[in-house]
Structures are given as structure tokens and as C-alpha cells.
Amino acid sequence: MNKASNTKRRQLVVGNWKMNGNRCVNAELLAKVMTSWQGEHRAEVVVCPPYPYLQHTHELIAGSSILLGAQNVSEANDGAYTGEVSAQMLADLHCKFVIIGHNERRRMQGETDEQVAQKFMAAQRANLIPILCVGESLEQRENGQHLTVIGQQLQSVFSHTGRAVFAQAVVAYEPVWAVGTGKTATPQQAHEVHHFIREQLGEVAEVVRILYGGSVKAHNAEQLFALTDIDGALLGGASLDAEEFLKICKAAD
Ligand code: 13P
């Protein structure tokens, strides 16, 4: 399934490996993926390994069309921030993308909307493409607050940057209740939120890629990709399995 004929936006599949893998496992995974994903494709594919494996992953994907991304970035440019990694460092390590405000960081590391906005700006200062994650908790959805919450998450970035800079950014809708749970948003739920996000993007709405994330697997990817406002996927578990990952990349291609 592809929508290349009816949208200007290139489909994008991002594998967020989270805190998984090692040199051996990563090499095996990418060798399998690259055997079936050679040359140029309509869909763009990005892998986001943990920080220590960025350089190794860069070497493994050299010569392929697969691009490199990171899972997080510091909002600061440099200085006394023990354990942090700057956007300039990620760019220096050949990253093109960086995930910002993933719900696991918002929930487990207490990242605030304001911090997420600062990270978004830090990424853009280093010419990285931020993948801004937004999404509601189960409680917020059950209370009918999902659009309000997502609107606030977007607004906190817009209030610093305006909307035009989103022409060089990606937004990912990840409902917290769908991440790692095996529950996926229904096409209707995903459509409602993606359409809402696109409306919020104002003048650049038509060029911004909006990904869906949360238990995307080979068996449900095509149905999600068929929706006009879904421009690809942000994958967790499925990106660790070469066969599953490839099927999803091909569904987006
Ligand atoms: P799962 O695909 O494992 O649900 O994870 C989604 C995610 O959090 C990607 O960033």
C-alpha cells in the first residue's frame, strides 16, 4: 500500500530500539534488513539505536539508504551536564533524526512540555530533524481529554518556535496506552488525532509528516498507512525483528 500518488509527503518508518541490543545483535539485525532493503526506496527508513551504538550502527548501515537517529538529546549545547549528550554530538555521529519527548521519557524521566520544547529547538540548532512525540494516557482518553492534551503538547513547542519550523520536523502520535501493550488505536481513533494534529500545524500542515506509534506490527501496518493523514510509523518492538520490520517498511514503500 502506498500513497505516493496522492500525497507530497514521503512515508517514513522509524525503528526506536529503546534500550535493546548489543554489537552482535545489532549487526545481525541490520545485515538481515539490508539484504532485503537495497538501493533507493520511496519510503525513508531510520533506525535509532542506544547512544553507545550510534557509531557502530553508522558503520553497519554505510552504503545503504537507511538513516541514523537518536532516542533523546540534551536541551543544552555543551557544559557541565554529566551523562547528557548534545545535539551537536549527535550530528557529529552522523545522526539525521532525533526522537524528542517520547512518552517513556516524559513519564519515567519526568520530561516536561517546556523541556521537550527546549530539546526540539536544540535539535534544530544542530540541523537534526526532531521527531516530536505527543500522545495521551489511558485516563486522559477515557475522560475525553486526548485532543486537549495533544494540543497543549504541540502548543508548548509552537509558543517558542512558531509553526513554520515544523517544515523541518516530524510529529509522532503515540497514545501511551498503545505503546508496548499490543493495543493499537483503531483507524478511527488514529484518524481523528492525526487530522487534529495536521490542523494545528497551520501553514505547513501539508508538508509535515505525522507518524503513528504504538504496537504497530506487520499485520496492522497496511491498514494504518492507508489513512491519508498517517505518513508512516514509529516502531518499538517490531523494529527489533528483521522480518517484521521489513514487512512494515515494505508496506510503507
Ligand atoms: P511498540 O511498537 O513496542 O508499542 O513501541 C512504540 C514506541 O514507543 C516507539 O517509540
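Use the structure listed above.
What comes next is a walk through the structure. (Residues numbered from 1 in each chain as written. Predicted model: local features only at pLDDT ≥ 70, side-chain atom pairs only at ≥ 80, totals over all residues. Heavy atoms only, no water.)

Details of the overall build of the protein chain
Logical step 1: When you go through the protein chain residue by residue, the secondary structure sums to 10 helices and 8 strands.
Logical step 2: Taken over C-alpha atoms, the radius of gyration comes to 17 Å for the protein chain, in line with the 18 Å a tight globule of 253 residues would show.
Logical step 3: In the protein chain, which comprises 253 residues, the share counted as buried stands at 53%.
Logical step 4: When contacts within the protein chain are restricted to residue pairs at least 6 apart in sequence, those whose partners lie at least 24 apart make up 73%.
Logical step 5: On the protein chain, roughly 11100 Å² of surface is accessible, and the fraction owed to carbon and sulfur atoms is 50%.
Logical step 6: Of the side chains in the protein chain, 22 bear a positive and 27 a negative charge, and the two mean positions are spaced by 3 Å. (Helix = DSSP H or I, 4+ residues; strand = E, 2+ residues; numbered from the N terminus. Rg over C-alpha atoms; globule rule 2.2 N^0.38 Å. Buried < 20%, exposed > 50% of the residue type's maximum accessible area, 1.4 Å probe, protein only. Contact = heavy atoms within 4.5 Å. Areas by Shrake-Rupley, 256 points an atom, 1.4 Å probe, with all protein chains shown as cover. Lys, Arg positive; Asp, Glu negative; His and termini not counted. Charge placed at Lys NZ, Arg CZ, Asp CG, Glu CD.)

Concerning the sheet that holds strand β1 (residues 12-16)
Logical step 1: One closed barrel holds the 8 strands; their spatial order is β1-β2-β3-β4-β5-β6-β7-β8, and the pairing between them is parallel. Direction aside, neighbouring strands of the sheet carry axes that sit 25° apart on average.
Logical step 2: For β1 and strand β8 (residues 232-235), the ladder comprises 4 bridges, and the chain directions are parallel. Counterpart to V13 in the pairing with β8 is A233.
Logical step 3: Of the strands in this sheet, β1, β2 (44-48) and β8 are in contact with helix α10 (residues 242-252), which crosses β1 at around 160°. (Pairing = 2+ DSSP bridges. Axes fitted to C-alpha atoms, helices over the stretch in contact; angles between N-to-C directions.)

Let's talk about the pattern of salt bridges
Logical step 1: Enumeration according to the criterion identifies 11 salt bridges in this entry.
Logical step 2: Of the charged contacts, one joins E111 and R105 as a salt bridge, the two residues approaching to 2.7 Å between their closest N and O atoms.
Logical step 3: On the accessibility criterion, E111 (6% relative accessible area) is buried.
Logical step 4: The partner of D113 in a salt bridge is R106, and the shortest N-O contact between them spans 2.8 Å.
Logical step 5: We classify D113 as partly exposed; its relative accessible area is 27%.
Logical step 6: The structure contains a network of salt bridges with shared partners spanning R9, R198, E206, D229 and D231. (Salt bridge = Lys/Arg side-chain N within 4 Å of Asp/Glu carboxyl O.)

Some details on unusual backbone geometry
Logical step 1: The backbone phi angle of K18 is positive, close to 50°, even though this residue is not glycine.
Logical step 2: Within the secondary structure layout, K18 lies in the loop between β1 and α1 (23-36).
Logical step 3: Phi at S215 is positive, roughly 60°, even though this residue is not glycine.
Logical step 4: By relative accessible area, S215 is classed as buried at 10%.

A word on the site of the ligand
Logical step 1: The local shell around the ligand holds 13 residues, among which K18, H102, E174, G180 and S215 are the closest.
Logical step 2: Residue H102 places a side-chain N or O atom 2.8 Å away from an oxygen atom belonging to the ligand.
Logical step 3: One of the backbone N or O atoms of G236 is found 3.0 Å from an oxygen atom in the ligand.
Logical step 4: Relative to its unbound accessible area of 310 Å², the ligand is 96% covered by the protein chains.
Logical step 5: For the shell around the ligand, the per-class residue count stands at 4 nonpolar, 7 polar and 2 charged. (Near = heavy atom within 4 Å. Polar contact = N/O pair within 3.5 Å; in protein donor to acceptor, adjacent residues only side chain to side chain. Nonpolar A, V, L, I, M, F, W, Y, C, P; charged D, E, K, R; others polar.)

Here's the deal with the layout of surface pockets
Rolled over the atoms, a probe with the dimensions of a water molecule shows which regions are left empty.
Logical step 1: Within this model, the largest pocket holds a volume of roughly 440 Å³.
Logical step 2: Lining the largest pocket are 17 residues; nearest its centre among them are K18, M19, Q71, N72 and R105.
Logical step 3: A per-element tally of the lining of the largest pocket places helix α4 (residues 103-108) first, with 3 residues.
Logical step 4: In terms of residue class, the lining of the largest pocket is made up of 7 nonpolar, 6 polar and 4 charged.
Logical step 5: The space that makes up the second largest pocket amounts to roughly 220 Å³. (1 Å grid on protein atoms, 1.4 Å probe; cavity = no way out; pocket = protein on both sides within 12 Å on 5 of 7 lines; lining within 4 Å. Points joined across faces, edges and corners; volume = space filled by probe spheres on them.)

With respect to helix α8 (residues 187-200)
Logical step 1: For α8, spanning 14 residues, the distance from its first C-alpha to its last is 20 Å, which sits close to the expected 20 Å at 1.5 Å a residue.
Logical step 2: Of all the positions in α8, only A190, V193, H194, F196, I197 and R198 are classed as buried.
Logical step 3: Looking at the buried residues of α8, the elements they touch are β5 (129-134), α6 (138-142), α7 (146-161), β6 (170-173), β7 (209-213) and α9 (218-225).
Logical step 4: Where α8 ends, the next residue or the one after it, G202, has phi of about 55°, a positive value. (Expected span 1.5 Å × (residues − 1).)

Here's the deal with the pairing of strand β4 (residues 97-100)
Logical step 1: Side-chain alternation along β4 places F97 and I99 on one buried face and V98 and I100 on a second face that is also buried.
Logical step 2: As judged from the 2 bridges shared by strand β3 (residues 67-70) and β4, these two strands associate in the parallel manner. Bridging across to β4, A70 finds its partner in V98.
Logical step 3: For the crossover from β3 across helix α3 (residues 87-92) to β4, the handedness is right-handed.
Logical step 4: Two strands pair when backbone bridges link them, and β4 and β5 are joined in this way by 4 bridges, in the parallel orientation. Across the sheet, the residue bridging to V98 is P130, located in β5. (Right-handed = clockwise from strand over helix to strand, strands pointing away.)

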